Amino acid sequence: MIGLEIHAQITALNSKLFCSCRGNYRDLGPNTNICEICCGLPGTLPVINQKAIEYSTMTSLALGCKVPDKIMFYRKNYFYPDLPKNFQITQYNVYGFSSIGVDGIYELDDAKQIRISRIQLEEDPGRIAYSEGDMNVRNSALIDYNRAGVALIEIVTEPDFTGPKEVRQFLNKLSLTLEHIGVCDTLLEGSVRCDVNVSVEGGNKVEIKNINSFREVEKAINYEITRQSSLYSRNLKIEHETRHWDDRKKITFKSRSKEEEHDYRYFPEPDIPVIALGIDFVPNLKKRMPELPNQRFERFVSKYKLSEHTSNILINDKKLADFFESTLKVHFSPTEIANFLITDFKSLIEDDGESTDYLKNLKVKPEHIAELVKLIEGNKISRITAKDILVKIFESGMLPSEVMNNTNSYKIADEKTLMDAVQSVFDKEKSAVEDAKTNSEAINFLLGKVMKFTNGRADPKIAMRIINNRLHNPDK
Amino acid sequence: MSNLHDLLAYEVVEGINGGLFTAEAYISSILKRIEDVESKLHSFITLDSEGALSAAKTIDRKIREKEDTGEFGMGSTTEYSRYQPTRNPWNLDYVPGGSSGGSGAAVAARECTVSLGSDTGGSIRCPASFCSLVGLKPTYGRVSRYGLISYANSLEQIGPICRSVRDLIMMVNIISGKDEMDNTSMSSSPIILNNKLRKLNVAIIKELITGSDHEVTRAIYSGSERFKEIGCTCDEISIKNLHYALPSYYTLASAEASSNLARYDNIRYGFDLPVEEYKWDTYFSKVRENFGEEVKRRILIGSYVLSSGYYSKYYLKARRLRSLLRSELLTLFKKYDLLIGPTMPILPFKFGEKIDDPIKMYLVDINTVIANLAGIPAISIPVGFSNGLPIGLQIMAAPFEEQKLIDASYHLENAINIQRVTNAI
């Protein structure tokens with residue numbers, strides 16, 4: 001059995017959860033994105049960011065959670081150097097439901113249901129930079145409070161996963177959902193983190209902390225299942241414990257500190273009164289809710305008449321799907337554009353390596369793809385040529401028509417030129433020509449040769465007609 | 001004019017605005033007064049005379065000062081102060097009340113015109129009572145808490161300590177209002193000075209009378225007679241849930257304090273203590289040994305009542321009792337405009353008399369904690385003396401009914417016409 005606790009920063013916010021410091025602390029000098037509030041100086045009070053409540057509510061709705069009429073904040077008390085107030089303002093449901101989302105159900109693609117126990121809004125702590133060596137024995141550490149107070153959404157699932165594959169499916173779908181709501185850019189470093197509870201039959205629950213990217217989660221689970229199963233098979237006890245994921249060594253290790261024996265002494269945060277969301281809040285938010293991946297899928301299939309397969313490929317890559325829809329605005333030819341994007345375009349991007357925000361700095365714009373597809377449809381270039389042109393656009397950012405003219409790569413539709421090409425092929429492939437008279441497979445072989453002869457520029461329809469003519473009326 | 005420091009705040013404003021004297025002359029008189037009496041009183045932690053003078057010279061600003069307060073606003077005597085104990089200007093052998101005892105002593109001794117205090121369980125009203133001053137704990141949310149070092153967030157309010165109700169009105173109107181920096185603050189209508197008093201229904205809280213010293217009881221009854229003189233009715237009523245108030249108060253205040261004080265970990269600011277040789281948790285422990293005894297006691301109580309297994313038994317029960325008390329009071333306020341009783345059940349006491357027994361110390365807060373628990377406004381006004389020691393009358397009203405409270409206080413003040421100024425110092 002596997003359960004997850006996911007922390008996702010609300011990267012969409014301009015400011016932190018309780019003060020006006022920047023929400024995006026990345027690439028800033030240490031302790032330059034701080035104020036008296038997020039440093040917890042005496043005399044300061046937290047002021048709740050209303051947008052954070054909206055974003056976390058949208059997340060709750062997207063994960064099928066109920067949103068209570070009234071929400072509350074609690075203090076979670078514990079001492080840790082990265083926690084400026086030595087308590088974290090978070091939410092807590094033990095004394096009654098008051099977190100932003102409860103009791104959700106999230107369906108995986110194969111209709112398997114994962115129950116969401118709760119979603120809560122809370123503040124991120126700062127970060128500790130250890131000079132060197134192991135976490136428990138060292139003389140000094142540096143603390144950066146730039147991140148302290150950044151809004152976090154915690155998503156806690158029931159232990160409904162049976163294996164790492166389901167977890168991966170869930171996390172992929174969750175990322176996609178978060179991206180579609182616009183709440184979290186999951187590609188930003190440290191924007192999503194995951195704690196995993198794993199227990200195999202006959203053993204106790206083991207918690208793995210500190211998994212700093214969704215990609216590592218599957219590896220950590222696999223490692224842990226193997227470790228626990230091998231203990232079990234040797235009749236050794238599987239301890240109830242907290243372990244950490246070492247993403248360099250790719251192993252989990254037992255945490256030496258006793259930090260998990262905490263009694264957090266939760267109690268309601270007195271500085272933030274109970275927030276009554278109001279009867280209009282959720283309905284209004286639902287109206288403003290961005291399209292979710294499932295809805296987008298339905299729309300792609302029904303409105304653009306794309307196949308389910310094609311729709312899935314596009315939607316699983318939100319930026320690609322956005323690019324697709326931008327291209328449609330320039331030239332509405334969904335099937336052709338979609339096919340082009342998920343094949344030639346996508347493979348080119350993937351050749352480029354897995355960069356995080358690949359579409360942002362791309363020289364190819366929707367206008368390019370639109371024009372390229374128009375050229376294909378207008379029979380000006382062949383698909384094969386289109387791919388070559390695309391490579392050139394990737395490098396130069398030139399318009400497809402410019403590339404086409406510069407390289408003389410427009411399609412050959414001229415009868416005379418094509419008849420010459422067919423003649424050359426017929427001269428070389430005498431036995432194939434004989435075959436082709438009775439076997440249509442061999443006709444395709446001949447066409448392939450013609451295409452190759454013309455470097456892919458021959459108009460296949462015209463070439464085919466000429467081949468057929470020559471086969472059946474050899475004298476003409 | 002020789003004794004400018006004796007003037008009330010509204011007289012000072014009128015005097016400066018009317019050109020009778022300058023702000024500088026006034027401040028100089030105050031500073032002279034401080035020079036004369038401060039060595040006996042110890043009201044101040046810091047004093048910026050030059051700054052005050054230059055501010056007075058350039059703009060007519062009030063003296064900038066910071067009164068002595070019990071460490072983190074705890075304790076009823078100011079004996080817990082990290083500095084020298086503050087003395088009562090009416091008799092230097094006696095405590096000035098706390099925890100805003102510095103504010104009280106300074107105003108009573110005319111070391112300053114008016115002052116602010118923070119009131120978590122009576123810290124404004126207790127010194128007001130012990131020093132013969134007017135002190136108001138406003139409705140919870142009327143005054144922003146931004147800038148106040150939190151002790152028990154859900155209970156405390158900032159309020160004025162003055163020598164007259166007129167001064168107090170001025171102060172309340174300055175400090176009230178919704179503050180974007182405090183989510184618990186709310187807007188409210190300004191207080192006006194009503195020369196005519198409409199008939200108010202007043203009730204004495206029986207339990208607070210029976211629990212008090214004789215001299216106090218006598219003074220309160222004579223005060224209640226004055227209510228009739230100014231045209232109010234006066235009944236005697238009982239508060240059923242009153243005996244829950246103190247345990248509920250100390251449970252909740254300690255719980256919140258234990259969490260608020262956790263931030264003093266010597267990491268971002270503090271004193272010099274090298275980190276070598278410590279793991280982070282032992283470093284925290286080492287640092288926090290430096291709290292005073294009373295603070296440590298409340299951190300321990302607070303942590304205990306919040307710990308798992310005890311939360312429902314203590315903290316949650318305390319919250320329930322708190323809302324029980326609040327709803328009982330709100331019901332009473334449907335019938336009565338004001339509830340009255342002694343501010344303190346005892347007279348000011350001598351230094352060292354009560355401090356040895358913390359439970360005994362906590363018990364004297366019984367009358368004042370009610371208003372903090374219920375979030376309602378409460379004022380203490382001087383009602384008499386016993387052997388030269390001041391006695392305060394407490395008046396409570398429904399949430400945001402400060403106007404009623406102040407109307408009654410203003411007319412009572414005129415009716416009683418009490419000796420305003422001590423000559424003991």
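Note that the coordinates shown come from a computational prediction; the quantities given were computed from them, not determined experimentally. (Residues numbered from 1 in each chain as written. Chains lettered and ligands numbered in written order. Predicted model: local features only at pLDDT ≥ 70, side-chain atom pairs only at ≥ 80, totals over all residues.)

Trainee: Help me understand the overall build of chain B, please; the structure alone is not making it clear to me.
Mentor: Regarding its fold elements, chain B presents 15 helices and 10 strands. Here the C-alpha atoms of chain B give a radius of gyration of 21 Å, agreeing with the 22 Å that 2.2 N^0.38 yields for 425 residues. When the backbone C-alpha atoms are referred to their principal axes, chain B occupies close to 65 × 55 × 45 Å. Counting across all 425 residues of chain B, residues that qualify as buried make up 52%. Taking all contacts inside chain B whose residues are at least 6 apart in sequence as the whole, residues at least 24 apart take part in 73%. (Helix = DSSP H or I, 4+ residues; strand = E, 2+ residues; numbered from the N terminus. Rg over C-alpha atoms; globule rule 2.2 N^0.38 Å. Buried ≥ 20, exposed ≤ 12 C-beta atoms within 10 Å, placed from the backbone. Contact = placed C-beta atoms within 7 Å.)

Trainee: Could you clarify how one ought to interpret the domain arrangement of chain B in this entry?
Mentor: A common way to express how large an interface is: the accessible area buried when the components associate. All names here are of chain B. The assigned domain composition of chain B is domain 1 (4-242 + 320-416) and domain 2 (243-312). Look at where the C-alpha atoms of domain 1 and domain 2 centre, and you get two points 28 Å apart. Between domain 1 and domain 2, the contact holds 28 residues from the first and 18 residues from the second. Broken down by secondary-structure element, the contributors of at least two residues to the side of domain 1 that touches domain 2 are helix H12 (311-335), helix H13 (358-363) and helix H14 (366-374). Per element, the largest residue contribution to the side of domain 1 that touches domain 2 is 5 residues, and it comes from H14. Within the side of domain 1 that touches domain 2, the residues separate by chemical class into 17 nonpolar, 8 polar and 3 charged. (Domains from an automatic or database assignment. Nonpolar A, V, L, I, M, F, W, Y, C, P; charged D, E, K, R; others polar.)

Trainee: Could you clarify how one ought to interpret the interface of chain A and chain B in this entry?
Mentor: Tallying the contact residues gives 24 residues for chain A and 30 residues for chain B. Split into classes, the residues belonging to the side of chain A that touches chain B amount to 13 nonpolar, 6 polar and 5 charged.

Trainee: So what exactly am I meant to see when it comes to the domain arrangement of chain A here?
Mentor: All names here are of chain A. The domain architecture assigned to chain A consists of domain 1 (2-283), domain 2 (291-405) and domain 3 (415-472). In this structure, domain 1 and domain 2 have C-alpha centres spaced 36 Å apart. Across the boundary between the two partners, domain 1 contributes 6 residues, which contact 7 residues of domain 2. Taken together, the residues that form the side of domain 1 that touches domain 2 break down as 3 nonpolar, 2 polar and 1 charged.

Trainee: Please explain helix H1 (residues 50-62) of chain A as it appears in this structure.
Mentor: Since one α-helical turn is 3.6 residues long, residues separated by three or four positions face the same way. Residues and elements named next belong to chain A. The terminal C-alpha atoms of H1, which comprises 13 residues, lie 19 Å apart, in line with the 18 Å expected from a rise of 1.5 Å per residue. Among the 13 residues in H1, 10 count as buried, and that is most of the element. Among all positions of H1, only Ala52, Ile53, Tyr55, Ser56, Thr57, Met58, Thr59, Ser60, Leu61 and Ala62 are buried. Looking at the buried residues of H1, the elements they touch are strand E5 (101-107), strand E6 (113-123), strand E9 (151-157), helix H2 (164-181) and helix H4 (281-288). Just downstream of H1 lies glycine 64, where phi reads positive at about 70 degrees. (Expected span 1.5 Å × (residues − 1).)

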